[in-house]
Amino acid sequence: MHKKILVTGSRGMLGATLLPLLKNYDTLGIDKGNCDITNKSSLAKTIGNLKFDVVVHCAAYTDVDGAEGKTGSAFLVNEEGTRNVIESINNKDCFFIYISTDYVFDGNKKTAYTEEDIVNPLSIYGKSKLAGENLVAGLNKYIIIRTSWLFGPNGKNFISTVLRLAKEKETIEVAGDQIGSPTYTLDLAKAISDIINIYFTKGITSGIYNITNTGFCSWAELARYIIKEAGFKTHVAEIKSKELKRAAQRPKNSMLSKEKFKGLSGYYLPTWQKAVQHYLKNYLLN
Ligand SMILES: NC(=O)c1ccc[n+]([C@@H]2O[C@H](COP(=O)([O-])OP(=O)(O)OC[C@H]3O[C@@H](n4cnc5c(N)ncnc54)[C@H](OP(=O)(O)O)[C@@H]3O)[C@@H](O)[C@H]2O)c1
């Protein structure tokens, strides 16, 4: 019998990319349109009679700046929603995969964050995602995947925005003082699918795993790379992140060490440059 997998946030940037990769399993995707995770009876009606082997919990309140004025909404989805999903699952042995973020860190470390580093989120979004992590960490079988700077089809993201602005403007201003790893949803989704396969074949020790594309850059470096690859001449003016006057504070250092994932899977994800090239060529420049 096919193993049964639930993907929450199945219409979001990551969920919509992941679902088709799991075609060898019996999958169910839920999203706000067909099942609101903040509504227990909606969850009971949709998944109450089903027994899942794996849950990939991608659904989240992801508006990082919006969350600053809406603490309740962010915690309602990212903490309460996560609790509701956990409580709706009829299987204590279900393997729960929770997608989390580099924003659980304050960015004060000088080198890449490992899975053992102390968390200290700066933003409401980061705090609410950490609250979700803490619930998942109490389960029998789980992993928490910390990732960063997502881009890919099925959603608005930094790369599509830079490309749009590059067509309209001669100069764009981008922060040069935040460093991290852009992560392509296609590569992350493949890693998640591989993790599920490893879980079914060999088993996995519960815990946290950092997964991003390989290499680090600033947002300004990323913007320059996008513009060069797309063949535009737009100038990137490097500014300080505080000049952007965004509501949420973000970590200056978002670098995540990927050694633990390499130990599990045997590979590193492609470099962020390769990932950006693939996304531009296959989704944005034709
Ligand atoms: N994007 C990033 O840069 C980034 C970085 C690190 C980690 N992450 C994490 O990665 C995961 C996937 O992110 P993403 O970029 O794919 O996010 P996304 O595109 O915003 O997708 C999240 C999905 O969750 C759905 N959702 C929100 N509230 C819901 C609710 N109450 N009930 C059911 N579904 C609900 C959203 O529906 P609506 O669109 O209708 O609200 C959306 O389809 C998230 O857990 C996020 O925290 C993202």
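The model shown is predicted, which means the values in this text are computed figures rather than measured ones.

**Observations concerning helix H5 (residues 124–136)**
- For H5, with 13 residues, the first-to-last C-alpha span of 19 Å sits near the 18 Å given by 1.5 Å per residue.
- Buried residues of H5: Ile124, Tyr125, Gly126, Lys127, Ser128, Lys129, Leu130, Gly132, Glu133 and Val136, and no others.
- Turning to H5, the residues buried within the fold contact helix H3 (66–69), helix H4 (71–88), strand E4 (95–101) and strand E5 (141–147).

**Overview of the site of the ligand**
- Taken together, 26 residues lie around the ligand, and Gly9, Gly12, Met13, Ala60 and Leu150 are the ones closest in.
- Elements that contribute at least two residues to the shell around the ligand include exactly helix H1 (13–18), H4 and E4.
- Take the shell around the ligand: its biggest share by element is three residues, from H1.
- Residue composition of the shell around the ligand, by class: 11 nonpolar, 10 polar and five charged.

**Points about the sheet that holds strand E1 (residues 4–8)**
- Taken in spatial order, the six strands of this open sheet run E2-E1-E3-E4-E5-E10, and their pairing is parallel. Each of the sheet's edge strands pairs with one partner strand only, and the pair in question is strand E2 (26–30) and strand E10 (207–210). Averaged over all pairs of adjacent strands, the angle between their axes in this sheet comes to 20 degrees, without regard to strand direction.
- For E4 and E5, the ladder comprises seven bridges, and the chain directions are parallel. Within E5, the residue paired with Tyr98 across the bridge is Ile144.

**Here's the deal with the packing of helix H8 (residues 219–230) against helix H10 (residues 272–284)**
- Interaxial distance between H8 and H10 falls to 11 Å at its minimum, and their mutual angle equals 45 degrees. With respect to each other, H8 and H10 are oriented oblique. With respect to the hand of their crossing, H8 and H10 are arranged in right-handed fashion. The segment H8 lies against H10, with Tyr225, Ile226, Glu229 and Ala230 engaging Gln273, Val276, Gln277 and Leu280.

**Observations regarding the packing of helix H6 (residues 158–168) against H8**
- Where H6 meets H8, the axes come as close as 10 Å, and the angle between the chain directions of the two elements is 60 degrees. With respect to each other, H6 and H8 are oriented oblique. Along this stretch, H6 crosses H8, giving a crossing that reads as right-handed. Listed contacts from H8 to Phe158, Ile159, Val162, Leu163 and Ala166 of H6 are Leu222, Ala223, Ile226, Ile227 and Ala230.
- Here the residues of the contact of H6 with H8 are counted per class, giving 10 nonpolar, no polar and no charged.

Rules behind the numbers
Starting from 1, residues in each chain are numbered consecutively following that chain's sequence as written. In keeping with the predicted nature of the model, local features appear solely for residues at pLDDT of at least 70, side-chain atom pairs appear and are counted solely at 80 or more, and the whole-chain, interface and lining totals rest on all residues. Put simply, DSSP H or I for four residues or longer makes a helix, DSSP E for two residues or longer makes a strand, and each gets a number counted from the N terminus. By definition here, a helix of n residues has an expected span of 1.5 Å times n minus one. Any residue whose C-beta has 12 or fewer other C-beta atoms within 10 Å is treated as exposed, any with 20 or more as buried, and any in between as partly exposed, C-beta atoms being built from the backbone. Any pair of residues counts as being in contact when their C-beta atoms, constructed from backbone geometry, are within 7 Å of one another. The rule is simple: place the C-beta atom from the backbone, and if it lies within 6 Å of a molecule or strand, the residue is near it. For this classification, the nonpolar set comprises Ala, Val, Leu, Ile, Met, Phe, Trp, Tyr, Cys and Pro, the charged set comprises Asp, Glu, Lys and Arg, and every other residue, Gly included, is treated as polar. Strand pairing follows a simple DSSP-based rule, namely that at least 2 bridges must link the two strands. Axis lines are fitted through C-alpha atoms, for helices just across the contact stretch, and the angle between N-to-C directions can take any value from 0 to 180 degrees. Here the angle decides the label: under 35 degrees means roughly parallel, over 145 means roughly antiparallel, 65 to 115 means roughly perpendicular, and every other value means oblique. Note on convention: the crossing is left-handed when the near helix lies turned anticlockwise from the far helix by less than a right angle, right-handed when the turn is clockwise.

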